[in-house]
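Residue strings, one per chain:
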Amino acid sequence: MTLIRFKASQEQDADLSITYDAVVVGSGAAGGMAAHVLTSQGMKVLLLEAGKKIDINAELRSMEWPYDHPRRGEGPPGNHAIRFNEYNIRKPPYAKGSAFKHVFSYVGGWGGSDYVKNILVDEKQHPYTGTKYAWVRARLLGGKTNIWGRLALRLSDYDFKGKTHDGFGEDWPISYADIEPYYDKVDLYLGISGHKENLPHLPDSLFQRPNKLTASEVKLRKSLATMGRTVTPYRAGVTTDGVKNKYRSKCFGRGACGRRPGGCDIHAAFDSPTGLIYPAMDTGNLTLRTNSIGHEVLVDPNTGKARGISFVDAVNHRTYEAKAKVVILAASTLESARLLLLSKSRQYPNGIGNSSGHVGHNFCEHVMGPGVTGMVKEQVGAAPTLDDGKPGGFYIPRFRNLQDKQPGFIRGYGFEGGSGFSIFPDGVWDTPGFGGQFKKSVRDHAGAFIGLGGFGEVLARYENQVDLDPEVKDDWGIPVLRFNYQFGDNEKKMCEDMAASGKEMLEAAGIEVIGVDKNILTEGWSIHELGTARMGTDPKTSVLNQFQQSHDVKNLFVVDGSSHVSASCQNPTWTIMALAWRSCEHLADELKRGNL
Ligand SMILES: Cc1cc2nc3c(=O)[nH]c(=O)nc-3n(C[C@H](O)[C@H](O)[C@H](O)COP(=O)(O)OP(=O)(O)OC[C@H]3O[C@@H](n4cnc5c(N)ncnc54)[C@H](O)[C@@H]3O)c2cc1C
Ligand code: SF4
């Protein structure tokens, strides 16, 4: 392919005539970590990001009050966020034929949608097809880490060795002991807030100052302890004591990250640009090119090794090539699978790294929806307290199928929750009356609510899969993903149990249950997609080895959630980064030894 050299959009200082030590595709949690680890090893790295670089602080406006915004934070007319019913009644592509100018995923419908209109992708430009799926994508420098929910959890050997435990699926090719030192490195480099609990199924991190539980949460914690369950302060990927990083401040407990769709303009909450990419650029070893949509891993026809990436400039729509000794995909679980499948050549007719036929398969995530709301009677009429001035509420770790064996389902779920006063009083829509009495009632009850919602493991099944749509393309002419994915019986039974156990826990604590939600949200809602290029020891049934290195192409690595063998029920981002750190250290060693 002819190399076209053209000055396109902002900060295009990438020299495409040279061969970099590594090219990294995607700048979220995974790509940012790859850039950090490799540049700190002295490697010259080119980071390609499909989205643009925006002035994120101006976008987030973390300290803007609703009344300071002309539409109280709502997006402009013509912007539409897909609703739950649309996801279920219609089929993707959801924006097809829409009368709205811009269509966003459901996250655009959360309070403050004006703050994410340049962060979430416009579904009109980025369609996908197949079965219903609520796919949330953030295409900009830092990806979804700009607005993530910050819950930062470790996995344990209950997760890594799930098959040994209950016979289903595959064990990971690593155990907790292999990844523990890298979790520690991530904790120390980025900062994490939390409280030690000594649970074998939810290992502790190296925590900074925890957030305080509210009075209602302490009440629930005491009660659950008698049931052998735990309420622990939200384990937030937020530095509460500070880290050595000039781009980040420590947390001042402003709660802005929880009141809006996410984001922290002083970057106490981890995001990839300030946490990883800017420090990596300061080494002098990182070149960043934004607006660069990777669409094919290029192959050396003589060696069968990867020789670089072909990418489309998002602004001028021209195609370029970047050359590198090692190619690292970190475009997120589904986009990395798409890239592997798009990279068809004579040597790799089914897509690069896909001799097993497993790319796109074993796709898994978390199921959510069921939850409970309670009213803590003794908090009714209590004096207001600052309950949401912190980066998260609480977490109840998994308690099912550890020592016990549930009759209806395998694996487990945890609950995320919160309680107390918030910027907009809970219960306001359901409070009857008007005038002074109505206002008093709303104020009296505002701090007495407590709520929890479950996140459960979706089993990694071969038949849950994505592939390339043979006809539909995105705005840049690149074939899009087609989903063939749905929840199974295990997920449905688990969700029934979530609603029942949530109710049981509030009742046991003497908290009045005022709402039980049994509905399962659409596939994809958790934004924790995983497992489309899983690791394993057998190249016939897995795509990557334990270092996220392709079994077929030794200088190709895929360092995001696509490598996960199972979903566990813990949020994945901290594990994505610990694994990427481990793999990139290995990669740098192997490159030095001449093994790649
Ligand atoms: C609202 C919200 C709340 C969340 N809450 C939590 C939570 O509490 N805890 C948790 O653990 N996780 C949470 N997550 C998920 C978390 O954000 C992801 O797990 C994490 O960002 C994954 O990192 P990644 O690098 O794989 O993907 P991303 O962060 O999505 O980054 C991928 C990057 O690759 C780029 N890219 C895509 N395709 C290409 C291409 N072809 N070429 C070049 N670049 C490309 C994208 O533009 C993007 O910048 C949440 C996410 C959202 C949106
Ligand atoms: S609570 Fe902490 S992490 Fe959240 S927005 Fe405020 S300073 Fe940032």
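In short, a report on the structure. (Residues numbered from 1 in each chain as written. Chains lettered and ligands numbered in written order. Predicted model: local features only at pLDDT ≥ 70, side-chain atom pairs only at ≥ 80, totals over all residues. Heavy atoms only, no water.)

**Considerations on a nonpolar patch on the surface**
Alright, step 1. Taken together, the side chains of W65, Y67, I423, F424 and W429 make up a nonpolar region of the molecular surface, amounting to roughly 670 Å² of accessible area.
Alright, step 2. Within the secondary structure, W65 is located in the loop between α2 (56–60) and β3 (79–81). (Patch = residues over 30% accessible without salt bridge, like charges linked within 9 Å, V, L, I, M, F, W, Y side chains within 5 Å. Areas by Shrake-Rupley, 256 points an atom, 1.4 Å probe, with all protein chains shown as cover. Salt bridge = Lys/Arg side-chain N within 4 Å of Asp/Glu carboxyl O. Helix = DSSP H or I, 4+ residues; strand = E, 2+ residues; numbered from the N terminus.)

**Details of the site of ligand 2**
Alright, step 1. Near ligand 2 lie 14 residues; those nearest to it are C251, R254, G255, C257 and C264.
Alright, step 2. Assessed atom by atom at 2 Å from the grid points, ligand 2 resides in the largest cavity.
Alright, step 3. Residue composition of the shell around ligand 2, by class: ten nonpolar, two polar and two charged. (Near = heavy atom within 4 Å. 1 Å grid on protein atoms, 1.4 Å probe; cavity = no way out; pocket = protein on both sides within 12 Å on 5 of 7 lines; lining within 4 Å. Sits in = over half its atoms within 2 Å of the grid points. Nonpolar A, V, L, I, M, F, W, Y, C, P; charged D, E, K, R; others polar.)

**Considerations on the layout of surface pockets**
Alright, step 1. One number sums up the size of the second largest pocket: a volume of about 420 Å³.
Alright, step 2. Surrounding the second largest pocket, 20 residues form its lining, K52, D122, Q125, H126 and R139 being those nearest its centre.
Alright, step 3. Considered class by class, the residues forming the lining of the second largest pocket number nine nonpolar, seven polar and four charged. (Points joined across faces, edges and corners; volume = space filled by probe spheres on them.)

**What to know about the site of ligand 1**
Alright, step 1. In the neighbourhood of ligand 1, 36 residues make up the surrounding shell, with E49, G149, L151, G294 and T573 lying closest.
Alright, step 2. With respect to ligand 1, the side chain of K144 contributes an N or O atom lying 2.9 Å from an oxygen atom.
Alright, step 3. R150 is positioned with one of its backbone polar atoms (N or O) 3.2 Å from an oxygen atom of ligand 1.
Alright, step 4. For ligand 1, whose accessible area on its own is 1000 Å², the fraction buried by protein is 95%. (Polar contact = N/O pair within 3.5 Å; in protein donor to acceptor, adjacent residues only side chain to side chain.)

**Quick notes on the sheet that holds strand β17 (residues 512–517)**
Alright, step 1. Spatially, β6-β12-β13-β14-β11-β17 is the arrangement adopted by the six strands of the open sheet, whose pairing is antiparallel. Since the sheet does not close on itself, it has two edges, and those belong to β6 (232–233) and β17, each with one partner.
Alright, step 2. Pairing geometry for strand β13 (residues 413–419) and strand β14 (residues 449–457), over seven bridges, is antiparallel. The residue of β14 that forms the bridge with G417 is L452.
Alright, step 3. In this fold helix α12 (residues 489–508) packs onto β11 (366–375), β12 (394–396), β13, β14 and β17, with an angle of close to 20° to the strand it touches most, β11. (Pairing = 2+ DSSP bridges. Contact = heavy atoms within 4.5 Å. Axes fitted to C-alpha atoms, helices over the stretch in contact; angles between N-to-C directions.)

**Details of the side chain of N401**
Alright, step 1. Among the secondary structure elements, N401 is positioned in the loop between β12 and β13.
Alright, step 2. Among the polar contacts listed, one links the side chain of N401 to the backbone nitrogen of Q406, at a separation of 2.7 Å.
Alright, step 3. Discounting residues that sit within four places of it in the chain, N401 has contacts with H165, Q406, F409, I410 and R411.

**Regarding helix α6 (residues 176–190)**
Structurally, the α-helix is built with 3.6 residues per turn, so residues lying three or four positions apart point the same way.
Alright, step 1. Its 15 residues give α6 an end-to-end C-alpha distance of 20 Å, which sits within 8% of 21 Å, the value for a rise of 1.5 Å per residue.
Alright, step 2. Turning to α6, its buried residues number three or more, namely Y176, I179, Y182, Y183, V186, D187 and L190.
Alright, step 3. For α6, the secondary structure elements touched by its buried residues are α1 (29–40), α4 (157–160), α9 (272–282) and α13 (573–592).
Alright, step 4. The positive-phi residue at the C-terminal boundary of α6 is G191, with phi of around 85°. (Expected span 1.5 Å × (residues − 1). Buried < 20%, exposed > 50% of the residue type's maximum accessible area, 1.4 Å probe, protein only.)

**Description of the pattern of salt bridges**
Alright, step 1. Per the counting criterion, the structure on display carries 36 salt bridges.
Alright, step 2. K144 serves as the salt-bridge partner of E529, at 3.5 Å between the closest nitrogen and oxygen. Of this pair, E529 sits in the loop between β17 and β18 (556–558) while K144 sits in the loop between β5 (129–130) and α4, placing them 385 residues apart in sequence.
Alright, step 3. In this structure, R229 engages E504 in a salt bridge whose closest nitrogen and oxygen atoms are separated by 3.5 Å. On the criterion of sequence distance, the pair formed by R229 in the loop between α7 (215–225) and β6 and E504 in helix α12 is long-range, its members being 275 residues apart.
Alright, step 4. Relative accessible area serves as the criterion here: at 35%, E504 is assigned to the partly exposed category.

**Points about the pairing of strand β1 (residues 19–25)**
Regular strands place their side chains on alternate faces of the sheet.
Alright, step 1. The element β1 is extensively covered by neighbouring structure, given that six of its seven residues are classed as buried.
Alright, step 2. Looking at chain direction, β1 and strand β10 (residues 319–329) are connected through six bridges and run parallel. The residue bridging V25 from the neighbouring strand is L329, located in β10.
Alright, step 3. Here β1 pairs with strand β2 (residues 45–48) via four bridges, running parallel. By the bridge assignment for β2, V23 is matched with L46.

**With respect to empty space enclosed by the protein**
Alright, step 1. Summed over all chains, the structure comprises four cavities of 30 Å³ or more.
Alright, step 2. Of the pockets and cavities examined, the largest cavity occupies roughly 80 Å³.
Alright, step 3. Lining the largest cavity are 13 residues; nearest its centre among them are C251, R254, G255, C257 and C264.
Alright, step 4. Considering only residue class, the lining of the largest cavity consists of ten nonpolar, two polar and one charged.

**Description of the packing of aromatic side chains**
Centre-to-centre distance and the angle between the planes together describe a pair of aromatic rings.
Alright, step 1. Under the criterion given, the structure shown has 29 aromatic pairs.
Alright, step 2. On the numbers, 6.3 Å between centres and 70° between planes, the contact of Y485 with F487 is edge-to-face. Comparing Y485 with F487, the two get one shared label, buried. (Phe/Tyr/Trp six-rings, centres within 6.5 Å; stacked < 30°, edge-to-face > 60°.)

**Quick word on the nonpolar core**
Alright, step 1. L220, I328, L329 and I396 are the most contacted members of the largest nonpolar core, which totals 145 residues.
Alright, step 2. With ten residues, the top contributor of residues to this core is α13.
Alright, step 3. L220 has contacts with V231, F394, I396, I450, L452, M505, L506, A509 and I511, leaving out every residue within four places of it along the chain.
Alright, step 4. Counting residues in hydrophobic clusters, the runner-up holds twelve residues, among them L153, L199, V238 and A269. (Core = buried A, V, L, I, M, F, W, Y, C linked by side-chain atoms within 4.5 Å.)

**A closer look at unusual backbone geometry**
Alright, step 1. A cis geometry characterises the amide bond from P92 onward to P93, with omega recorded as 5°.
Alright, step 2. Turning to its location among the elements, P93 is positioned in the loop between α3 (84–89) and β4 (102–104).
Alright, step 3. Positioned with a positive phi, S332 is a non-glycine residue whose angle comes to about 95°.
Alright, step 4. Tracing the chain through its elements places S332 in the loop between β10 and α10 (333–342).
Alright, step 5. On the basis of relative accessibility, which here comes to 18%, the residue S332 falls in the buried class.
Alright, step 6. Backbone geometry places Q548, a non-glycine residue, at a positive phi of 60°.

**Focus on α9**
Alright, step 1. With nine of eleven residues buried, α9 lies mostly within the body of the structure.
Alright, step 2. Along α9, the residues that are buried comprise S272, P273, T274, G275, L276, I277, Y278, P279 and A280.
Alright, step 3. Contacts from the buried residues of α9 go to α1, β2, α6, β7 (286–289) and α13.
Alright, step 4. Backbone geometry just after α9 places G284 at a positive phi near 85°.

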